[in-house]
Amino acid sequence: MPQHAPTARICRDCDGFPTVAITTGTRHSDGTRATLRVTCPTCKGTGTTAPATSLTRAGR
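Within each chain, residue numbers correspond to sequence positions counted from 1 in written order. Only residues with pLDDT of at least 70 get local features here, since the model is predicted, and only at 80 or more are side-chain atom pairs given and counted; chain-wide, interface and lining totals rely on the full set of residues. The basis for every side-chain value is the complete set of heavy atoms in the structure, and neither hydrogens nor water enter the calculation.

What follows covers the overall build of the protein chain. When helices and strands are tallied, the protein chain shows zero helices and two strands. Sorting the 60 residues of the protein chain into buried and exposed places 12% on the buried side. Sequence-distant contacts, at least 24 apart, represent 49% of the contacts inside the protein chain between residues at least 6 apart. Accessible area of the protein chain: about 5,600 Å², with a carbon and sulfur share of 55%. By definition, any uninterrupted DSSP run of H or I lasting at least four residues is a helix, any uninterrupted run of E lasting at least two residues is a strand, and each is numbered from the N terminus. When accessible area is computed with a 1.4 Å probe and restricted to protein chains, residues below 20% of their type maximum are described as buried, those above 50% as exposed, and intermediate ones as partly exposed. Residues are treated as being in contact if the distance between any of their heavy atoms lies within 4.5 Å. Here the open area of atoms and residues is found with the Shrake-Rupley method and a 1.4 Å probe, where only the protein chains shown may cover a residue.

Next comes the structure, spelled out in structure tokens:
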């Protein structure tokens, strides 16, 4: 019988790419581009979401 590996829950907002580099359009004196590193606010840079067992249920 084949063994099934558990699938990782990929963040739906960043689609598994939690950190991106965005160019600002300006250049440094050596010719390289100035970039900003931005992380996904939903998964906080992990690329995955929390498993369903660790989520807290609210309400009824």
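With that out of the way, let us pick up the pairing of strand S1 (residues 19-27). The criterion for strand pairing is that DSSP finds at least two bridges linking the strands in question. Pairing of S1 with strand S2 (residues 33-39), which is carried by six bridges, proceeds in the antiparallel orientation. By the bridge assignment for S2, Val-20 is matched with Val-38.

It is worth spelling out a nonpolar patch on the surface at this point. Taken together, the side chains of Val-20, Ile-22, Leu-36 and Val-38 make up a nonpolar region of the molecular surface, amounting to roughly 310 Å² of accessible area. Elements with a minimum of two residues in the nonpolar patch: S1 and S2. Topologically, Val-20 is positioned in strand S1. Patch definition: residues above 30% relative accessible area lacking any salt bridge, with like charges linked at up to 9 Å and the nonpolar side chains Val, Leu, Ile, Met, Phe, Trp and Tyr linked at up to 5 Å. Salt bridges are defined by distance alone: a side-chain nitrogen of Lys or Arg within 4 Å of a carboxyl oxygen of Asp or Glu.

Relative to the elements of secondary structure, Ala-21 occurs in strand S1. The sequence separation of Ala-21 and Thr-39 amounts to 18 residues, and the corresponding C-alpha distance is 9.0 Å.

One non-glycine residue, Asp-15, adopts positive backbone phi at about 60°. Unlike most non-glycine residues, Lys-44 shows phi in positive territory, near 60°. By secondary structure assignment, the location of Lys-44 is in the segment after S2.

Attention shifts here to the environment of Cys-40. Secondary-structure assignment places Cys-40 in the segment after S2. Linking Cys-40 and Phe-17, residues 23 residues apart in sequence, is a C-alpha distance of 8.2 Å. When neighbours within four sequence positions are excluded, Cys-40 is seen to be in contact with Cys-11, Asp-13, Cys-14, Pro-18 and Gly-45.

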